[in-house]
Amino acid sequence: PLAVIQPDPASLAYVLHTSGSTGVPKAVAMTHRGLDRLIAWQVTDGPPGLRTLQFTAASFDVSFQEVLSTLATAGCLVVAPEEVRRNPDATLDAIRAHRIQRLFLPYVALQLLAVVAARRQLVPDSLEQVVTAGERLIVTPAIRSLFAAIPHCRLDNHYGPTEAHLVTSLTLTGPAADWPEMPAIGHPVTGVSCRVLDDRLQPAGPGQPGELYVGGPGLARGYLNDPGRTAERFVADPLAPGERLYRT
């Protein structure tokens with residue numbers, strides 16, 4: 001029989017570079033503990049075994065969430081070629097042809113898909129769950145119309161920096177006509193703490209300016225070979241000795 005070797009939770013699972021909004025991309029070093037935390041939550045959030053379109057580029061951390069949570073629940077992963085990913089008409093055709101049940105899409109791709117579905121008057125009625133992340137979600141008239149046509153499909157708004165992966169989630173409920181134009185990012189998911197702190201790392205009072213800090217086992221080690229920047233963004237938790245917070 002084959003032996004199953006479990007990796008050390010603190011060992012490196014992957015390194016991903018951020019988009020470089022500061023001008024220099026940062027190499028985020030994520031551990032197996034952080035990746036396990038993510039997948040453990042995703043497999044319990046929603047029905048298992050869904051046919052999922054593998055849409056996300058491998059350079060984006062959502063690809064781990066998309067691929068591994070599908071395989072971990074015995075779902076079917078339908079791999080989209082580059083020409084399908086880049087063409088919303090082709091994406092819609094693939095969803096319908098392969099009876100896709102779950103999608104992970106950034107807001108822009110979701111908007112383009114909704115516009116194409118309305119223009120062609122085609123309803124992707126096989127969809128049961130759509131997850132959007134990576135950009136601020138805006139519920140446009142096209143997106144509202146799309147989900148009004150598939151009321152059985154849930155829309156989840158996820159937020160999370162590369163340094164911590166998914167940290168909050170909001171499921172939009174009720175008729176799509178009643179959804180807010182700019183939904184919130186939701187509440188912390190299992191294994192994550194989110195606190196708004198002031199410049200002294202003390203809890204900011206209601207209505208006071210502050211910065212979002214994320215804690216829990218999902219945090220990355222830091223930035224690969226960059227201890228200075230790591231120390232700047234990954235700080236000691238003043239309320240939990242020995243724990244760290246990521247300063248978003």
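Structure shown above.
Residues numbered from 1 in each chain as written. Predicted model: local features only at pLDDT ≥ 70, side-chain atom pairs only at ≥ 80, totals over all residues. Heavy atoms only, no water.

(A) The arrangement of the overall build of the chain in detail. Looking only at helices and strands, the chain has seven helices and 14 strands in total. In summary, the chain has a C-alpha radius of gyration of 19 Å against a globular reference of 18 Å for 248 residues, a match within 12%. Split into buried and exposed, the 248 residues of the chain put 44% on the buried side. Per element, the accessible surface of the chain, about 12,400 Å² overall, is 57% carbon and sulfur. A gap of 1 Å separates the mean positions of the 21 positive and 23 negative side-chain charges of the chain. (Helix = DSSP H or I, 4+ residues; strand = E, 2+ residues; numbered from the N terminus. Rg over C-alpha atoms; globule rule 2.2 N^0.38 Å. Buried < 20%, exposed > 50% of the residue type's maximum accessible area, 1.4 Å probe, protein only. Areas by Shrake-Rupley, 256 points an atom, 1.4 Å probe, with all protein chains shown as cover. Lys, Arg positive; Asp, Glu negative; His and termini not counted. Charge placed at Lys NZ, Arg CZ, Asp CG, Glu CD.)

(B) Structural detail: the sheet that holds strand β1 (residues 12-17). Spatially, three strands are ordered β1-β2-β12 in an open sheet, and the strand pairing comes out antiparallel. Looking at strand neighbours, the two that pair on one side only are β1 and β12 (222-223), the edges of this open sheet. The pairing of β1 with strand β2 (residues 27-31) spans five bridges and is antiparallel. Along β2, the bridge assignment pairs Leu16 with Val28. (Pairing = 2+ DSSP bridges.)

(C) Spotlight on the packing of helix α4 (residues 88-97) against helix α5 (residues 107-120). Following both chains from N to C, one finds α4 and α5 inclined at 75 degrees, their axes separated by 9 Å at the closest point. Taken as axis vectors, α4 and α5 run roughly perpendicular relative to one another. Across from Pro88, Asp89, Thr91, Leu92, Asp93 and Ile95 in α4, the residues of α5 making contact are Leu112, Leu113, Val116, Ala117, Arg119 and Arg120. In terms of residue class, the contact of α4 with α5 is made up of seven nonpolar, one polar and four charged. (Axes fitted to C-alpha atoms, helices over the stretch in contact; angles between N-to-C directions. Parallel < 35°, antiparallel > 145°, perpendicular 65-115°, else oblique. Contact = heavy atoms within 4.5 Å. Nonpolar A, V, L, I, M, F, W, Y, C, P; charged D, E, K, R; others polar.)

(D) Local environment of the environment of Cys194. Among the structural elements, Cys194 can be located in strand β10 (residues 193-197). For the pair Cys194 and Thr162, spaced 32 residues apart in sequence, the C-alpha separation works out to 15 Å.

(E) Molecular detail of the sheet that holds strand β13 (residues 234-236). Taken together, four strands build an open sheet; the order of strands is β10-β11-β14-β13 and the sheet is antiparallel. Looking at the sheet topology across the chains shown, the edges are occupied by β10 and β13. Geometrically, the sheet is characterised by an average inter-axis angle of 35 degrees between neighbouring strands, direction not taken into account. Examined bridge by bridge, strand β11 (residues 211-215) and strand β14 (residues 244-247) share three bridges and lie antiparallel to one another. When the bridges of β14 are listed, Tyr213 appears paired with Arg247.

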